[in-house]
Amino acid sequence: RPTLAERSRMLAAARLASGRSFLASATRRQLSSAPIRIDFEKELLTYECDGPPEKFVETTKEELVDIWKLMYKMRRMELTADQLYKNKQIRGFCHLYDGQEAVCAGMEAAITRKDSVITSYRDHCQQIARGDEVQSVFAELMGKETGCAKGKGGSMHMYFAEGNFFGGNGIVGAQAPLGAGLAFAHKYKGDGSVAFTLYGDGAANQGQLFEAMNMAALWKLPVIFVCENNQYGMGTSTKRGAAKQEFYKRGQYIPGMAVDGMHVLHVRQAVQYAAQHCRDGKGPFVLECDTYRYHGHSMSDPGITYRDRTEVSGIREKRDPVNKARGWLIEKAGMEEAEIKAMESAIRKEVEAALSKAKEAKVPDDSALWTDMYRDQNPKLFIRGCDATQSVGVYTETVA
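These remarks concern the structure in this document. (Residues numbered from 1 in each chain as written. Predicted model: local features only at pLDDT ≥ 70, side-chain atom pairs only at ≥ 80, totals over all residues. Heavy atoms only, no water.)

1. Some details on the packing of helix 2 (residues 61–86) against helix 3 (residues 101–108)
For the pair helix 2 and helix 3, interaxial distance at closest approach is 10 Å and the crossing angle is 140°. When the interaxial angle is binned, helix 2 and helix 3 end up oblique. In this structure, helix 2 meets helix 3 at a crossing whose hand is right-handed. Contact residues: helix 2 offers I67, L70, M71, M74 and R75, while helix 3 offers E101, A102, C104 and A105. (Axes fitted to C-alpha atoms, helices over the stretch in contact; angles between N-to-C directions. Helix = DSSP H or I, 4+ residues; strand = E, 2+ residues; numbered from the N terminus. Parallel < 35°, antiparallel > 145°, perpendicular 65-115°, else oblique. Left-handed = near helix turned anticlockwise from the far one by under 90°. Contact = heavy atoms within 4.5 Å.)

2. So, the sheet that holds strand 6 (residues 223–229)
Spatially, the six strands line up as an open sheet ordered 2-9-10-6-5-4, and their pairing is mixed. Whereas interior strands pair on both sides, the edge strands pair on one side only; in this sheet they are strand 2 (45–47) and strand 4 (116–118). The sheet shows a mean angle of 20° between the axes of neighbouring strands, taken without regard to direction. Helix 6 (residues 175–189) contacts strand 4, strand 5 (195–200) and strand 6 of the sheet and is inclined by roughly 170° relative to strand 5. Against the sheet, helix 7 (residues 207–219) engages strand 5, strand 6 and strand 10 (285–290), with an angle of about 150° to strand 6. (Pairing = 2+ DSSP bridges.)

3. A look at the side chain of R75
For R75, the position within the fold is in helix 2. Owing to a relative accessible area of 10%, R75 belongs among the buried residues under this scheme. Within the local environment of R75, its side chain forms a polar contact with the side chain of E101, the two groups lying 2.5 Å apart. Among residues more than four places away in sequence, those in contact with R75 are D98, G99, E101, Y294, D320, P321 and V322. (Buried < 20%, exposed > 50% of the residue type's maximum accessible area, 1.4 Å probe, protein only. Polar contact = N/O pair within 3.5 Å; in protein donor to acceptor, adjacent residues only side chain to side chain.)

4. A closer look at the pairing of strand 5
Extensive coverage of strand 5 is indicated by the burial of five of its six residues. Note that strand 4 and strand 5 share three bridges and pair parallel. Counterpart to I118 in the pairing with strand 5 is T197. Where strand 5 and strand 6 come together, six bridges link them in parallel fashion. Across the sheet, L198 pairs through a bridge with V226, a residue of strand 6.

5. Comments concerning the nonpolar core
By size, the foremost hydrophobic cluster in this structure holds 75 residues, and its most contacted members are F138, F196 and I224. In contact with F196, other than residues within four places in its own chain, are M107, I111, D115, S116, V117, I118, I224, V226, V271 and A275. Core analysis: the next-biggest nonpolar cluster, separate from the first, contains 21 residues, A176, A183, Y199 and A203 among them. (Core = buried A, V, L, I, M, F, W, Y, C linked by side-chain atoms within 4.5 Å.)

6. Observations concerning the pairing of strand 10
Of all six residues in strand 10, six are buried; the element is thus mostly enclosed. Alternating residues of strand 10 divide into F285, L287 and C289 and V286, E288 and D290, and every residue in both groups is buried. For strand 6 and strand 10, the ladder comprises six bridges, and the chain directions are parallel. Pairing of V226 across the sheet is with L287, part of strand 10. Here strand 9 (residues 256–260) runs beside strand 10; their pairing, made up of five bridges, is parallel. Bridge pairing in strand 10 places G256 opposite V286. In this region the chain leaves strand 9, passes through helix 9 (residues 264–279) and returns to the parallel neighbour strand 10; the handedness of that crossover is right-handed. (Right-handed = clockwise from strand over helix to strand, strands pointing away.)

Structure below.
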């Protein structure tokens, strides 16, 4: 049975061979496949399991570049969304992910697109990690018809079926039972895939989460409950809102681990271990990622009334996941500053081009209000409007 390090190298090679890499095939750099050792900065905590024994992880230059580019793209996208919201080009709710990129990117580095992912309303980065385009995210945020949900979902309801991403969910904790359902489907079909159910520390106190965990344990469903502990449930710190802050132990009868959610390769290693547990038919797993969000809970929250600026700046300086990975490229992979700046410039241009394309897109026609209520919807389906005189369809027509 291969070690975690060996599985990491094999997975990286498989991604490159299948065309999933973000790297250009023709490049001036000669990327070495020699293993690079990255030590962990925090101890991996375990509950009812041994966990991976290594205190370090091995990766390659190719994989580091892949992972860093994805995280940097996430960061640029979210910072752009911040400006769009402030310019009133995005309306309604908007929850940004900057600071938490290592959780999403580390998870993706350890799994395949055949695995399922479902999350909360902080879902923009999962959308592109699962294979969608930045333009699709921007268009959805601005309510354009080229958005991933045709402009009807907005920030909280991204969706990408092609990548087995079952979207953001606006109700706190609502994704937990749905994630268990996705795992049930994987087990029923026997396809060997795993469902990842992401939720925050605030949702960790939701009753439906424990109902889903109980059912998953009874049926040994291949589901990983991933708690993205960003330290605050809206404006309430975990110390004030949770009687027990060890969220990885919340499964009680389910094994769990707590990992450094600001260290993308620590996340990758933990996800590999947890996913193998599920694929071996041992049932669910709980994974807590210690992370941090730089913005407030949503764009309507300045984020500094319940924490001070020095706390946020301190995390940025010492634990920022994007800068951490950037440092590895220089210190461990031997890349030059100029090479990295060139990649940063290319990604910024990519994000700017995606934004321009999204801005040019049209908003949905008013008639779109009556569509997509059902799959393969009967065009004559009767749908009552707020005023009966504004109803559409034929009164006697049903869904079928």
